[in-house]
Amino acid sequence: MIRFEEVTIVAGGRTLLDEVSLGIEPGAPTVLIGPNGAGKTTLLRAAMGLLAPARGRITWQGEPRRAIVFQRPVMLRRSAAANVRFARVGADRTEELMAAVGLADVADRPARRLSAGEQQRLALARALARDPAVLFLDEPTASLDPASTKAIEDVIRTISGRIKVVVSTHDLGEARRLAGQVVLLHRGRVVEAADASCFFESPRTDEARNFIAGELLV
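Just so we're clear, the structure is a prediction, and the values are computed from it rather than from any experiment. Starting from 1, residues in each chain are numbered consecutively following that chain's sequence as written. Side-chain atom pairs in this predicted model are given and counted only at pLDDT of 80 or more, local residue features only at pLDDT of at least 70, and totals for whole chains, interfaces and linings cover all residues. Excluding hydrogens and water, the side-chain values take into account all heavy atoms of the structure.

**Q** Please explain the packing of helix H4 (residues 116-128) against helix H5 (residues 146-159) as it appears in this structure.
**A** Packed helices, taken two at a time, are described by the angle their axes make and the gap between the axes. Here the axes come from fitting lines to C-alpha atoms, over the contacting stretch only for helices, and the angles between their N-to-C directions go from 0 to 180 degrees. Numbering goes from the N terminus for both helices and strands, where a helix is a DSSP run of H or I of at least four residues and a strand is a run of E of at least two. At a minimum axis distance of 9 Å, the contact between H4 and H5 shows a crossing angle of 15 degrees. Comparing their axes, H5 and H4 come out roughly parallel. Crossing handedness for the pair H4 and H5: right-handed. When H4 is examined against H5, the residues Gly117, Gln120, Arg121, Leu124 and Leu128 are found in contact with a partner set consisting of Ser148, Ala151, Ile152, Val155 and Ile159. Each residue belonging to the contact of H4 with H5 can be placed in one class, and the counts come to six nonpolar, three polar and one charged. Oblique is the label for every angle not falling under 35 degrees (roughly parallel), over 145 degrees (roughly antiparallel), or within 65 to 115 degrees (roughly perpendicular). A crossing counts as left-handed when the near helix is turned anticlockwise from the far one by less than a right angle, and as right-handed when that turn is clockwise. Contact definition: two residues touch when any of their heavy atoms are within 4.5 Å. Following the grouping adopted for this structure description, the nonpolar residues are Ala, Val, Leu, Ile, Met, Phe, Trp, Tyr, Cys and Pro, the charged ones are Asp, Glu, Lys and Arg, and the polar ones are all others, Gly among them.

Below, the structure is given as structure tokens:
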């Protein structure tokens, strides 16, 4: 569905992605893992079309609709439901989306007064209002408590049967729970990409083995 061919992205004199070649196929979620600064967010932004490669190219099979949810989504100064309606959907569709992310009971509450976990789920509903074929999620559970994390992971599982989800995280437990494909990034390069079962049971690289063991990558 999405193919990176020797993609290099440079910003501010720094190489953020370094000759990345990667295929992201339809199916279960693709989970990007790696330490801070590995290039996970850059890869998501590039796939979304928000960053242009200095070299290489990114190709799609067709022109699927895309949406992205950032780690700290911006909430509009209006109710939770009105944040979803901002995506130009009707009342019935808004109600359906709010229920899908477990926020039906806070639809009329000001969005900026919701908890961090609720705001993240509201951002998911807002992105889903665009009916994307591919949804990019940038560390959607970072700094959230276990209950909020579970609520977001439940939404991801529910939608991944009909939407391709590409999610970044450095939570290995979350990667194990969600991933169909795992991509390990380090210093802007793809270190290893494999089916989740193969990645966790028989990693091919020292970097992958060290990361799974909880060791720092240097």
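After that view of the structure, there is still more to cover.
**Q** Got a minute to help me understand the pairing of strand S9 (residues 189-195) in this structure?
**A** Here is the key point about a regular strand: its side chains alternate between the two faces of the sheet. Strand pairing follows a simple DSSP-based rule, namely that at least 2 bridges must link the two strands. Where strand S8 (residues 181-186) meets S9, six bridges bridge the pair, whose relative direction is antiparallel. Within S9, the position partnered with Val182 by the bridge is Ala194. Remark: two residues form the turn of the hairpin made by S8 and S9, two consecutive strands paired antiparallel; Arg187 in that turn has positive phi of roughly 55 degrees.

**Q** What is the right way to look at the environment of Phe136 in this model?
**A** In this structure, Phe136 sits in strand S6 (residues 134-138). Put simply, Phe136 and Phe70 are 66 residues apart on the chain and 8.4 Å apart in space, counted from C-alpha to C-alpha. Apart from residues no more than four positions distant in its own chain, Phe136 is found in contact with Ile2, Leu44, Ala47, Met48, Trp60, Arg66, Ala67, Ile68, Val69 and Val166.

**Q** How do you make sense of the nonpolar core when you look at a structure like this?
**A** In summary, soluble globular proteins display a tendency toward joint burial of nonpolar side chains. Ile33, Val84, Leu122, Leu124, Leu135, Leu137 and Phe199 are the most contacted members of the largest nonpolar core, which totals 47 residues. At six residues, the largest contribution of residues to this core is made by H4. Residues contacting Phe199, with those up to four places away along its chain left out, are Ile33, Val182, Leu184, Glu192, Ala194, Ala208 and Ile212. By size, the runner-up hydrophobic cluster in this structure holds 22 residues, among which are Leu17, Leu44, Met48 and Val166. By convention a nonpolar core is built from buried Ala, Val, Leu, Ile, Met, Phe, Trp, Tyr and Cys residues, the set being connected through side-chain atoms within 4.5 Å. Burial classification: accessible surface area is computed with a 1.4 Å probe over protein chains only, and a residue below 20% of its type maximum counts as buried, one above 50% as exposed, and the rest as partly exposed.

**Q** What should I look at first to understand the sheet that holds strand S4 (residues 55-60) in this one?
**A** Strand order across the open sheet formed by three strands is S2-S1-S4, with antiparallel pairing between neighbours. Two strands close off the open sheet at either side, each with one partner strand: strand S2 (14-24) and S4. The sheet shows a mean angle of 25 degrees between the axes of neighbouring strands, direction not considered.

**Q** Please clarify how the packing of aromatic side chains should be interpreted in this entry.
**A** Describing an aromatic ring pair means giving the distance of the ring centres and the angle of the ring planes. Note on aromatic pairs: the rings of Phe, Tyr and Trp (six-membered ring only in Trp) are paired at centre separations within 6.5 Å, and the planes decide the class, stacked below 30 degrees, edge-to-face beyond 60, tilted for the rest. For the coordinates displayed, the defined rule picks out two aromatic pairs. Ring centres of Trp60 and Phe136 lie 6.4 Å apart, and the angle between their planes is 85 degrees; this geometry places the pair in the edge-to-face category. With Trp60 in strand S4 and Phe136 in strand S6, the pair connects residues that are 76 residues apart, well separated along the chain. Each member of the pair Trp60 and Phe136 is classed as buried. Ring centres of Phe199 and Phe200 lie 5.2 Å apart, and the angle between their planes is 90 degrees; on these two criteria the pair is classed as edge-to-face. The rule is short: NZ of Lys or CZ of Arg within 6 Å of the ring centre and within 35 degrees of the ring normal puts a charge over the ring. Taking the ring centre of Trp60 as reference, the NZ or CZ of Arg66 above it sits at 4.2 Å.

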